[in-house]
There are 2 protein chains.
Amino acid sequence: MLYESVDQAKKKGAGCPSSSKKANEQEEQEKMIQTTLGRIKHKIFVLSGKGGVGKSSVSANLAASLAKKGFKTGLMDVDLHGPSIAQMMGMTKLLDLSPNNLLLPQSFGENLKVVSIQALMQDKDQAIIWRGPAKTGMIKQFVGSVEWGDLDFLVIDAPPGTGDEPISVVQTIPDAKAVIVTTPQEVALADVRKSISFCRTVKIETLGIVENMGPFKCPHCNEVIELFKSGGGELTAKKEGLKFLGSIPFDMGVVASGDEGIPMMMQENPSNFSRAFDTIVENITQQLL
Amino acid sequence: MLYESVDQAKKKGAGCPSSSKKANEQEEQEKMIQTTLGRIKHKIFVLSGKGGVGKSSVSANLAASLAKKGFKTGLMDVDLHGPSIAQMMGMTKLLDLSPNNLLLPQSFGENLKVVSIQALMQDKDQAIIWRGPAKTGMIKQFVGSVEWGDLDFLVIDAPPGTGDEPISVVQTIPDAKAVIVTTPQEVALADVRKSISFCRTVKIETLGIVENMGPFKCPHCNEVIELFKSGGGELTAKKEGLKFLGSIPFDMGVVASGDEGIPMMMQENPSNFSRAFDTIVENITQQLL
């Protein structure tokens with residue numbers, strides 16, 4: 001058979017027999033995961049069908065916005081192949097360990113804590129050439145080994161697609177709710193329909209669709225430029241019966257702030273970008289609170 | 001152990017015992033792959049560390065350019081989770097089968113043939129929720145079951161990252177040479193260094209780096225806009241001792257042509273985009289011919 005059934009895929013510990021752990025170790029890991037997740041009220045799983053739509057940037061700014069509004073917020077990057085959150089948040093040092101050997105996330109101000117799977121890597125430019133079953137093990141271990149404390153929100157940034165990593169996140173955090181990020185053009189929307197199909201198949205609730213890199217104004221002449229067309233995200237949401245959470249204009253400040261390591265929403269200047277983000281955060285929180 | 005060694009990863013048939021086929025079936029598949037690949041002179045593997053840098057668009061336009069120059073060219077999309085090539089090439093019908101049950105690629109003009117793994121899917125909006133070992137099997141089967149005939153070039157569009165699909169491509173087509181696509185900003189370059197590390201680890205030759213979505217001119221005032229900064233691709237190539245193949249300006253025509261299903265390089269209007277592409281194609285072919 002060429003692919004596993006969804007039931008098989010959802011079964012805990014699916015994968016190669018060679019990667020399965022002893023029963024008691026597994027039980028202990030389960031307990032750690034339950035303890036960690038039990039102290040987190042809402043889990044938001046940010047996903048996209050296509051890479052490069054700004055999923056990590058949306059995750060970082062969503063977490064920063066929630067923290068700004070006074071919510072205790074965590075941001076977790078589980079993208080094994082291209083973790084961007086550490087770079088975007090300007091995280092350069094190794095994470096500390098708690099007395100009981102759990103990872104202590106890095107704090108940004110009073111309410112935001114961040115951890116990236118990159119923290120577990122020795123050389124940050126090293127390619128992680130992992131096969132699926134190893135990735136599942138890694139993600140489970142990662143979720144169970146971070147000391148978040150009590151959180152209102154945990155924002156999870158997963159790699160694009162519908163492969164091992166998103167499956168592993170859904171297995172490990174079954175009450176996570178999805179926010180799907182897309183750009184407006186059809187090539188991206190074709191992939192977003194796959195993300196919607198993924199969420200339905202694995203039965204996780206979808207909070208809605210965010211359209212990123214929408215029309216913006218030329219910094220020289222102020223005329224509107226539709227880089228990746230416009231309106232496709234809203235149209236897809238309507239067709240699929242999902243909530244449209246909002247459109248974020250392309251902003252060169254996002255590129256610069258990502259490289260500098262300070263997300264736009266942690267800065268104080270109001271902009272079309274930050275206003276768009278406020279709307280999205282409100283559309284999300286009003287469904288959860 | 002959390003990840004397999006490179007040697008294990010390169011071993012043919014690595015994966016779950018449950019997905020391994022009977023020895024004679026496997027032997028027959030190997031033979032088909034060897035027969036198919038033996039008739040193709042040069043295999044170019046287009047990869048990127050990060051998604052959304054325009055890897056599929058570069059693949060499609062690279063293949064179209066080579067065909068335009070008179071080379072018999074094939075374009076193969078092996079991105080299981082987000083295959084974009086079919087959409088970009090305007091492929092809507094099912095592929096025909098040859099008398100011996102091989103997939104017949106769709107022809108575009110005299111020299112270009114295209115096949116997408118999407119051709120094997122029943123519902124194109126269905127998410128492909130596959131785990132690693134199943135993906136390896138699928139890619140091997142796919143490579144062996146296309147009737148390309150004699151080709152000068154085969155351009156292979158793989159999904160981003162350094163996971164199961166790129167590993168499977170390298171296993172199946174060990175003499176493929178890599179073209180790495182990036183955008184200019186640091187967040188993308190961090191991932192490109194992972195691609196370079198991947199190529200070195202699995203020991204495939206790298207033809208060089210293409211920088212995509214470089215500076216472009218505002219369609220209203222003609223001033224230069226650096227959407228994702230500039231120069232990062234060339235800088236990284238220099239640092240890593242790799243050839244810089246060229247920078248492609250962002251072009252809204254690419255977004256539109258991708259959605260319309262006719263790659264820019266199949267159109268006849270000369271533009272900054274097509275000129276940039278001509279340089280890249282020359283920098284690639286002069287290394288191979």
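In case you missed it, the structure is sitting above this.
A brief look at the structure comes next. Not measured: the values here are computed from a predicted model. (Residues numbered from 1 in each chain as written. Chains lettered and ligands numbered in written order. Predicted model: local features only at pLDDT ≥ 70, side-chain atom pairs only at ≥ 80, totals over all residues. Heavy atoms only, no water.)

### Some thoughts on the overall build of chain A
The cut-off we apply is this: Helix and strand assignments come from DSSP, with helices taken as H or I runs of at least 4 residues and strands as E runs of at least 2, each series counted from the N terminus. Categorising residues by exposure relies on relative accessible area from a 1.4 Å probe, with only protein chains included: less than 20% of the type maximum marks a residue as buried, more than 50% marks it as exposed, and the intermediate range marks it as partly exposed. Here, two residues are considered to be in contact whenever any of their heavy atoms come within 4.5 Å of each other. Areas reported as accessible are Shrake-Rupley estimates using a 1.4 Å probe. Residue values count occlusion only from the protein chains shown.
A tally of regular secondary structure across chain A gives 10 helices and 12 strands. Across the 289 residues of chain A, 61% fall into the buried class. Across chain A, every contact between residues at least 6 apart in sequence was considered, and the portion connecting residues at least 24 apart equals 77%. A total of about 11600 Å² of accessible surface is found on chain A, and carbon and sulfur atoms cover 49% of it.

### Topic: unusual backbone geometry
Residue and element names in this part refer to chain B. Even without a glycine there, the phi angle at methionine 213 is positive, about 55°. By the element assignment, methionine 213 lies in strand β9 (residues 206-214). Positive phi values are uncommon outside glycine, yet asparagine 222 reaches one of about 70°. Mapped onto the fold, asparagine 222 is located in the loop between β10 (216-217) and β11 (224-225).

### Describing the pattern of salt bridges
Residues and elements named next belong to chain B. For the record, the criterion: Salt bridge, as applied in this entry: a Lys or Arg side-chain nitrogen positioned within 4 Å of an Asp or Glu carboxyl oxygen.
Per the counting criterion, the structure on display carries 18 salt bridges over all chains. A salt bridge links lysine 43 to aspartate 175; the nearest nitrogen and oxygen atoms lie 2.9 Å apart. With lysine 43 in strand β1 (residues 40-47) and aspartate 175 in the loop between α6 (164-172) and β8 (177-182), this pair connects stretches of sequence that are 132 residues apart. Using a relative accessible area of 6% as the deciding quantity, one classes lysine 43 as buried. In this structure, the salt-bridge partner of arginine 200 is glutamate 240, at a minimum N-O distance of 3.1 Å. Placement of arginine 200 in helix α7 (residues 186-201) and of glutamate 240 in helix α8 (residues 232-240) is noted, with a sequence separation of 40 residues between them. Overall, the relative accessible area of 47% leaves arginine 200 in the partly exposed class.

### Here we look at helix α7 (residues 186-201) of chain A
Three or four residues apart is the spacing at which side chains of an α-helix point the same way, because the helix has 3.6 residues per turn. Residues and elements named next belong to chain A. Here is the rule: Multiplying one less than the number of residues by 1.5 Å gives the expected span of a helix.
Taking 1.5 Å per residue, 16 residues should reach 22 Å; α7 reaches 23 Å between its end C-alpha atoms and fits that length. Where burial is concerned, most of α7 is hidden: 13 out of the 16 residues are buried. Note on α7: the residue one or two positions beyond its end, lysine 203, has a positive phi of about 60°.

### Things to note about the packing of aromatic side chains
This is how it is decided: Working definition: a ring pair exists when centres of Phe, Tyr or Trp rings (six-membered ring for Trp) sit within 6.5 Å. Plane angles under 30 degrees give stacked, over 60 give edge-to-face, the rest tilted.
Evaluation of the coordinates by the stated rule reveals eight aromatic pairs over all chains. The rings of Phe216 and Phe250 of chain A together with Phe228 of chain B are connected pair by pair, giving a single aromatic cluster.

### Brief notes about the environment of aspartate 157 of chain A
Residues and elements named next belong to chain A. How we decide: For this analysis, a polar contact is any N or O atom pair within 3.5 Å, provided that within protein one partner can donate a hydrogen and the other can accept it, and provided that sequence-adjacent residues contribute only side-chain to side-chain pairs.
Inspection of the secondary structure assignment puts aspartate 157 in strand β7 (residues 151-157). When its relative accessible area of 0% is taken as the criterion, aspartate 157 is described as buried. Taking the C-alpha atoms as reference, aspartate 157 lies 9.9 Å from valine 169; in sequence the two are 12 residues apart. Not counting chain neighbours up to four residues away, the residues in contact with aspartate 157 comprise Val46, Lys55, Ser56, Ser59, Met76, Asp77, Val78, Asp79 and Ile85. At a separation of 3.4 Å, a polar atom in the side chain of aspartate 157 contacts the side chain of serine 59.

### Structural notes on the sheet that holds β1 of chain B
Residues and elements named next belong to chain B. What counts here: One bridge is not enough; two strands pair if DSSP finds at least two bridges between them. Throughout, an axis means a line fitted to C-alpha atoms (over the contacting stretch in the case of helices), and angles, computed between N-to-C directions, take values from 0 to 180 degrees.
With mixed pairing, the eight strands of this open sheet are ordered in space as β5-β6-β2-β7-β1-β8-β9-β12. Of all the strands in the sheet, just β5 (106-108) and β12 (244-249) have a single pairing partner and so form its edges. In this sheet, neighbouring strand axes are inclined to one another by 20° on average, regardless of whether the strands run parallel or antiparallel. Pairing analysis gives five bridges linking strand β2 (residues 73-77) to strand β7 (residues 151-157), with the strands arranged parallel.

### Side note on helix α8 (residues 232-240) of chain A
Residue and element names in this part refer to chain A. Rules: The arc in question is traced by the directions running from the helix axis to the C-beta atoms.
Looking only at α8, the buried set comprises Gly232, Gly233, Thr236 and Ala237. Each buried residue of α8 lies within a common arc of 135° when the element is viewed along its axis, so the set occupies one face. In α8, the exposed residues that point more than 90 degrees away from the buried face are Leu235, Lys238 and Lys239. If you follow the buried residues of α8, they end up packed against β8 (177-182), α7, β9 (206-214) and β12 (244-249).

### Brief notes about the sheet that holds strand β5 (residues 106-108) of chain A
All names here are of chain A. The strand order across the open sheet built from eight strands is β5-β6-β2-β7-β1-β8-β9-β12, with neighbouring strands paired in mixed fashion. With one partner strand each, in any of the chains shown, β5 and β12 form the two edges of the open sheet. Recorded for the sheet is a direction-independent mean angle of 20° between the axes of neighbouring strands. Direction of pairing for strand β2 (residues 73-77) relative to strand β6 (residues 112-116): parallel, over a ladder of five bridges. In the sheet register, methionine 76 faces β6, and the bridge partner there is valine 115. Packed onto the sheet, α8 meets β8, β9 and β12 and runs at close to 160° relative to β9. Taken strand by strand, helix α10 (residues 272-288) contacts β1 (40-47), β7, β8, β9 and β12, and its axis lies near 165° from that of β12.

### Section: the packing of α7 of chain B against α8 of chain B
All names here are of chain B. Put simply, the test is: Left-handed describes a crossing whose near helix is turned anticlockwise from the far helix through less than a right angle; right-handed describes the clockwise counterpart. Residues are grouped as follows: Ala, Val, Leu, Ile, Met, Phe, Trp, Tyr, Cys and Pro are nonpolar; Asp, Glu, Lys and Arg are charged; every other residue, Gly included, is polar.
The contact between α7 and α8 brings their axes to 11 Å, and the two run at 35°. In this structure, α7 crosses over α8, and the sense of that crossing is right-handed. Here α7 contributes Leu189, Val192, Arg193, Ile196 and Arg200 to the contact with α8, which in turn contributes Gly232, Gly233, Thr236 and Glu240. In the contact of α7 with α8, the residues fall into three nonpolar, three polar and three charged.

### Re the side chain of glutamine 185 of chain A
Topologically, glutamine 185 of chain A is positioned in the loop between β8 and α7. Those residues in contact with glutamine 185 of chain A that sit more than four places away from it in its chain are Phe228 of chain A together with Val255 and Asp259 of chain B.

### Re the pairing of β2 of chain A
For a regular strand, side-chain orientation follows a simple rule: the groups alternate between the two sheet faces. For β2 of chain A, the buried fraction is high: five of the five residues fall into the buried class. The alternating pattern of β2 of chain A places Thr73, Leu75 and Asp77 of chain A on one face and Gly74 and Met76 of chain A on the opposite face, and all of these are buried.

### Comments concerning the environment of serine 274 of chain B
Relative to the helices and strands, serine 274 of chain B is located in helix α10 (residues 272-288). For serine 274 of chain B, the contacting residues outside a window of four places in its chain are Met265 and Asn269 of chain B.

### A word on the side chain of histidine 42 of chain B
Looking at the element boundaries, histidine 42 of chain B is found in strand β1. Not counting residues within four places of it along the chain, the set of residues in contact with histidine 42 of chain B comprises Asp152, Phe153, Leu154, Leu288 and Leu289 of chain B.

### Comments concerning the environment of glycine 258 of chain B
Residue placement: glycine 258 of chain B occurs in helix α9 (residues 252-260). Considering only alpha carbons, one finds glycine 258 of chain B and alanine 86 of chain B, 172 residues apart in sequence, at a separation of 9.8 Å. Among residues more than four places away in sequence, those in contact with glycine 258 of chain B are Val187 of chain A together with Gln87 and Met88 of chain B.

### Brief notes about the pairing of β1 of chain B
Residues and elements named next belong to chain B. Counting buried positions over the eight residues of β1 gives seven, a clear majority of the element. Here β1 runs beside β7; their pairing, made up of six bridges, is parallel. Counted as the bridge partner of lysine 43 is leucine 154 from β7. Taken together, the four bridges between β1 and β8 define a ladder with parallel strand orientation.

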